[in-house]
Amino acid sequence: MPVFQSEQELYDVLGRFFERVAETEESKELIASTELGPGYDAFVQYIFHKPEAKITWTAENGVLKIVCGETDLRPELVFEQTADVGHKFWLGKLDLQQALARQQIKVQGPLVNALKVLPQLDAIYPAYRDYLQEIGRDDLLR
């Protein structure tokens with residue numbers, strides 16, 4: 001049985017968590033130091049399967065904004081995976097480089113940009129676990 005039973009549940013959990021991450025000082029610094037390539041107006045888009053969902057990270061007036069669902073934004077990086085793989089990744093139970101090698105996560109765009117943020121992810125993994133506990137979703141920690 002999949003971790004998330006519906007698109008809405010995925011948005012309620014991962015989408016709201018990403019919104020919280022967007023408010024951190026680390027994210028604000030990352031946005032300030034990142035320039036999108038020509039023709040792009042979003043940093044990254046996560047495409048999930050089982051259930052089908054999309055979450056896009058963009059900037060609006062210098063602030064990171066999370067867009068859940070379909071959008072016309074053009075992301076520089078796209079990560080495609082099942083929702084279960086995405087959930088394991090944010091729990092810190094899945095190494096990005098191994099997941100890429102096994103094609104559990106597929107990437108479109110300049111991978112070097114994704115690898116630049118890897119060191120910051122170590123601080124986000126425990127925040128996701130804490131967030132799940134805070135919203136009463138201990139069932140997702142297993």
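Since the model is a prediction, treat every value here as computed from it, not as a measurement.

Visitor: Would you mind going over the overall build of the chain with me for this structure?
Guide: In terms of regular secondary structure, the chain is built from six helices and five strands. In terms of overall dimensions, the chain is globule-like: its C-alpha atoms have a radius of gyration of 14 Å, near the 14 Å expected for 142 residues. With the C-alpha coordinates aligned to their principal axes, the bounding extent of the chain is approximately 40 × 30 × 30 Å. Taking all 142 residues of the chain together, the buried fraction comes to 41%. In the form shown here, the chain has an accessible surface area of approximately 8000 Å², with 50% of it arising from carbon and sulfur atoms.

Visitor: Hey, could you run me through the layout of surface pockets in this one?
Guide: Rolled over the atoms, a probe with the dimensions of a water molecule shows which regions are left empty. For the largest pocket, the calculated volume is near 820 Å³. In this structure, the largest pocket is lined by 35 residues; those nearest its centre are Leu 30, Trp 57, Val 117, Gln 120 and Leu 121. Of all elements in the fold, only α1 (7–22), α2 (25–33), β1 (42–49), β4 (75–82), α3 (83–91), α5 (111–116) and α6 (118–134) reach the threshold of two or more residues within the lining of the largest pocket. For the lining of the largest pocket, the element with the highest residue contribution is α6, accounting for six residues. The residue inventory of the lining of the largest pocket, partitioned by class, reads 23 nonpolar, seven polar and five charged.

What counts, and where the lines are drawn
Residues numbered from 1 in each chain as written. Predicted model: local features only at pLDDT ≥ 70, side-chain atom pairs only at ≥ 80, totals over all residues. Heavy atoms only, no water. Helix = DSSP H or I, 4+ residues; strand = E, 2+ residues; numbered from the N terminus. Rg over C-alpha atoms; globule rule 2.2 N^0.38 Å. Buried < 20%, exposed > 50% of the residue type's maximum accessible area, 1.4 Å probe, protein only. Areas by Shrake-Rupley, 256 points an atom, 1.4 Å probe, with all protein chains shown as cover. 1 Å grid on protein atoms, 1.4 Å probe; cavity = no way out; pocket = protein on both sides within 12 Å on 5 of 7 lines; lining within 4 Å. Points joined across faces, edges and corners; volume = space filled by probe spheres on them. Nonpolar A, V, L, I, M, F, W, Y, C, P; charged D, E, K, R; others polar.

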